[in-house]
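Take a look at the letters that make up each chain.
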Amino acid sequence: FGIGGEYPLSATICAEGTAPRRRGTLMALVFSHQGLGYLLSALVMVTLTFAGASNEFTWRFALAFGAIVPMISLHFRMQMHESEDYEKVKKAREDGNAGVDMKLTVRRYAWHLLGTAGNWFLFDIVFYAN
């Protein structure tokens, strides 16, 4: 199990299924929970170390503890239905009406894409540089 694939999907589902008024708040919560997960993993390791657990038990417990969230996510993910927006796009593609010109879209949003990708790149350097 891994949470790496769940992280971007959670943000997508949040963006598609949330009212525009609350979308920004919920997107911020989705992204901020990654930092909380890092903090929780460090607290588990520190707590086990201070409790006098052996090295073998500590890393095994931490690995098992880290598998709990992906297993819970998998359970709920398997019960979810596709969003209305996805179903609309899927039906349009099946009917032969894709409706999106990729070159025109990239040209129209080039600066937005560059700004977002650049900021994300810098964020990843700062956040994951350990």
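The structure reproduced in this document is the subject of the present report. (Residues numbered from 1 in each chain as written. Predicted model: local features only at pLDDT ≥ 70, side-chain atom pairs only at ≥ 80, totals over all residues. Heavy atoms only, no water.)

1. Observations regarding the overall build of the chain
When you go through the chain residue by residue, the secondary structure sums to six helices and zero strands. For the chain, the sequential pattern of α-helices and β-strands runs α-α-α-α-α-α. Its C-alpha atoms give the chain a radius of gyration of 20 Å, more than 25% over the compact-globule value 14 Å for 130 residues. A principal-axis box enclosing the C-alpha atoms of the chain has dimensions of 60 × 35 × 25 Å. For the chain, the residues scored as buried account for 11% of the 130 residues in total. Contacts in the chain between residues far apart in sequence, at least 24 positions, make up 55% of those at least 6 positions apart. When the accessible surface of the chain is totalled, it reaches about 10,800 Å², and 67% of it is carbon and sulfur. In the chain, the 12 positive side-chain charges and the 11 negative ones have mean positions that sit 6 Å from each other. (Helix = DSSP H or I, 4+ residues; strand = E, 2+ residues; numbered from the N terminus. Rg over C-alpha atoms; globule rule 2.2 N^0.38 Å. Buried < 20%, exposed > 50% of the residue type's maximum accessible area, 1.4 Å probe, protein only. Contact = heavy atoms within 4.5 Å. Areas by Shrake-Rupley, 256 points an atom, 1.4 Å probe, with all protein chains shown as cover. Lys, Arg positive; Asp, Glu negative; His and termini not counted. Charge placed at Lys NZ, Arg CZ, Asp CG, Glu CD.)

2. A closer look at helix H3 (residues 55-79)
With 25 residues, H3 should cover 36 Å at 1.5 Å per step; its first-to-last C-alpha distance of 38 Å lies within 8% of that length. Burial in H3 covers these residues: Thr-58, Pro-70 and Ser-73. Where H3 is buried, its residues touch helix H1 (6-17) and helix H2 (20-50). (Expected span 1.5 Å × (residues − 1).)

3. A look at the packing of aromatic side chains
Applying the stated rule across the entire model yields three aromatic pairs. On the basis of an interplanar angle of 25 degrees and a centroid distance of 5.7 Å, the ring pair of Phe-57 and Phe-61 is categorised as stacked. In this pair, Phe-57 and Phe-61 both sit in helix H3, four residues apart, roughly one turn of the helix. Given a relative accessible area of 44%, Phe-57 falls into the partly exposed group. Ring centres 6.0 Å apart and planes at 20 degrees place the aromatic pair Phe-61 and Phe-65 in the stacked group. Note that Phe-61 and Phe-65 are positioned in helix H3 at a spacing of four residues, about one turn of the helix. (Phe/Tyr/Trp six-rings, centres within 6.5 Å; stacked < 30°, edge-to-face > 60°.)

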